[in-house]
Amino acid sequence: MKAPNSIPEVLDVASIRNQFPILNRRVKEKPLVYLDNAATSQKPQSVIDAISDYYTNYNANIHRGIHTLAEEATLAYEATRHAAQEFIGAASPEEIIFTRGTTEGINLVAYTWGRQHIIPGDEILISAMEHHSNIVPWQILCEEKDAVLKIIPVNDHGELSMEAYMELLNERTKLVSIVQVSNALGTVNPVKEMINAAHKAGARVLVDGAQSAVHLDIDVQDLDCDFFAFSAHKVYGPTGIGVLYGKKELLDSMPVFQGGGEMIKEVTFEKTTYNDLPYKYEAGTPNIADTIAFKTALDFVKETGKAAIREHENNLLDYATAQLQQIPGLRIIGEAKEKVSLVSFVIKDIHPQDIGIILDNMGIAVRTGHHCTQPLMKRFGIPGTVRASFALYNTREEIDILINGLQKAIKMLS
Ligand code: C6P
């Protein structure tokens, strides 16, 4: 697809689009316009091929066999750990724990570090823009431990109140668990500054990187976060695999999560000793095929170049924001100074779901609803939003199709 106006392309989008077979399909007899990338990104052919290659050529269980297939599978699986380490700038591969995704990563910390460290009266600090998976695990923990969940408020632009954050931090704060990029607003939070302040107050910090990993350069050592969780499926990789990063000394001292094969050193009926990192937290046969293909996705992002991807996506964000602002009755929810390529909006007197259904009939995929951020929707006094989220393969032409579709939908619904 060619860009319809004169802004120069920083990426060869046409050749990138050719690598994503799904983008050629039609929906409701229209070319697919996929603008639901914050929910999950599409996968390049290389990632799809990597899954098929594993099952076709070297399917075997890992870390367990001495035969050739097992060795090949183990090497490929561990190569992903190294790629993930490099992707987020971790100090060692032992700090990379494979999980099912962000949700499992956060729960792992709540069930292990949380149960070890949180005592009655302790405070856990999250923000008003958290995804449910960074709210509910802490609520469960706080109920169990008689601890207190405190909330950093969000202003009308969708930015965190840093003043309130500083006031909330105190000697009872044991953990700050914060989203780096809001999935509902697109806001980029100043996590480095927040981590620094939390550490000064003696608190640990978990960063929910579900939405940031694909858009921002991540360097966990520079951020100095204690934990960082993200999912492969939002970074052009498969579903069912993600990473929990933790500082080695923390992971070493935390209790185990799930028990079973792989996570043990020796088992007797009297006592079991546990494996070293990272295997201590990886019980049972893992999701081998998808983990292997995850490296292919990380290689794809690296080869394309995060800086170029970000520039292209920022251009799309600016273009979409300007176009949407022209639509009478449309209100953008989330106007932070720092944003990623995602726009949430509501249209006066029209339910977001009705818009979503009409857009789908035009082949346009957006997400509508509360985006698993019900408290945030309540904060803005709305039932939900329409959310268009852009990836490296999206074009300005697709944004024009969205705008045109919205205008038609508004006419039909008013
Ligand atoms: N947000 C969205 O459409 P999982 O499901 O474990 O891969 O990721 C959970 C998660 C955690 N934090 C944030 C900020 C997220 O955006 C998500 C997933 C998707 O916005 C699905 S609800």
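For the structure, check the block above.
This structure is a prediction, so every number in the text was calculated from the model and none was measured. Each chain carries its own residue numbering, running from 1 in the written order of its sequence. Only residues with pLDDT of at least 70 are given local features in this predicted model, and only at 80 or more are side-chain atom pairs given and counted; all residues enter the totals for whole chains, interfaces and linings. As a convention, hydrogens and water are excluded, and side-chain values are obtained from all of the structure's heavy atoms.

Regarding the layout of surface pockets
To be explicit about the condition: The method works on a 1 Å grid over the protein atoms by themselves. A cavity is a set of points holding a 1.4 Å probe that cannot get out, a pocket is an open set with protein on both sides within 12 Å along at least five of seven lines, and residues with an atom within 4 Å of a point line them. Grid points are joined across faces, edges and corners, and a volume is the space filled by probe spheres set on the points. Secondary structure follows DSSP: runs of H or I at least 4 residues long count as helices, runs of E at least 2 residues long count as strands, and numbering of each begins at the N terminus. Residue ranges assigned to each domain were obtained from an automatic or database domain assignment.
In this structure, the largest pocket occupies an estimated 320 Å³ of space. By residue number, the principal contributor to the lining of the largest pocket is helix H4 (residues 102-117), which donates three residues. Counting contributing residues, the lining of the largest pocket receives three or more from each of domain 1 (4-44 + 305-413) and domain 2 (49-302). When its volume is computed, the second largest pocket comes out at roughly 260 Å³.

Description of the side chain of Lys280
Keep this limit in mind: Partly exposed describes any residue whose relative accessible area lies between the buried limit of under 20% and the exposed limit of over 50%, with all areas from a 1.4 Å probe on protein chains only and scaled to the type maximum. Charge assignment: positive for Lys and Arg, negative for Asp and Glu; neither His nor the chain ends contribute. Within this document, salt bridges are pairs made up of a side-chain nitrogen of Lys or Arg and a carboxyl oxygen of Asp or Glu, the two lying within 4 Å of each other. A contact between two residues is defined here by any heavy atoms of the two lying within 4.5 Å.
By secondary structure assignment, the location of Lys280 is in the loop between strand S12 (272-274) and helix H10 (288-304). Of the side chains with opposite charge, Asp252 comes closest to the buried, unpaired Lys280, at an N-O distance of 5.2 Å. For Lys280, the residues in contact, after removing those within four places along its chain, are Leu251, Asp252, Ser253, Met254, Val256, Met263 and Asn275.

What to know about empty space enclosed by the protein
Convention followed: Nonpolar residues are Ala, Val, Leu, Ile, Met, Phe, Trp, Tyr, Cys and Pro. Charged residues are Asp, Glu, Lys and Arg, and all others, Gly as well, are polar.
For the structure shown, the criterion picks out one cavity of 30 Å³ or more. By volume, the largest cavity amounts to about 60 Å³. Every residue lining the largest cavity is listed: Asn37, Ala38, Gln211, Val214, His215, Lys234, Tyr236, Glu313, Ser389, Phe390 and Ala391. Classifying every residue of the lining of the largest cavity gives five nonpolar, four polar and two charged. Counting contributing residues per domain, the lining of the largest cavity is built from domain 1 (4-44 + 305-413) and domain 2 (49-302), each supplying no fewer than three.

Let's talk about the environment of Ile151
Inspection of the secondary structure puts Ile151 in strand S6 (residues 148-152). Its relative accessible area of 41% is what places Ile151 among the partly exposed residues. Here the alpha-carbon distance between Ile151 and Ile66, two residues 85 residues apart in the chain, equals 51 Å.

Looking at the packing of aromatic side chains
Put simply, the rule is: Between the rings of Phe, Tyr and Trp (Trp by its six-membered ring), a pair exists once the centres lie within 6.5 Å; its type follows the angle of the planes, with under 30 degrees stacked, over 60 edge-to-face, and the other angles tilted. Geometrically, a charge over a ring is one whose NZ (Lys) or CZ (Arg) sits within 6 Å of the ring centre while staying within 35 degrees of the ring normal.
Counted according to the given criterion, the structure contains 12 aromatic pairs. Plain terms: the ring middles of Phe20 and Tyr236 are 6.0 Å apart, the flat faces sit at 70° to each other, and that makes the pair edge-to-face. Placement of the pair is Phe20 in the loop between helix H1 (13-18) and strand S1 (26-27) and Tyr236 in the loop between strand S9 (227-231) and strand S10 (242-246), with a sequence separation of 216 residues. For the pair shown, Phe20 and Tyr236 are each scored as buried. Put simply, the rings of Phe20, Tyr236, Phe300 and Tyr393 pair up and form one aromatic cluster. The positively charged end of Arg379 is found above the aromatic ring belonging to Phe380, 4.8 Å away from the centroid.

Fair warning: the whole summary comes from geometry, so function is off the table for now.
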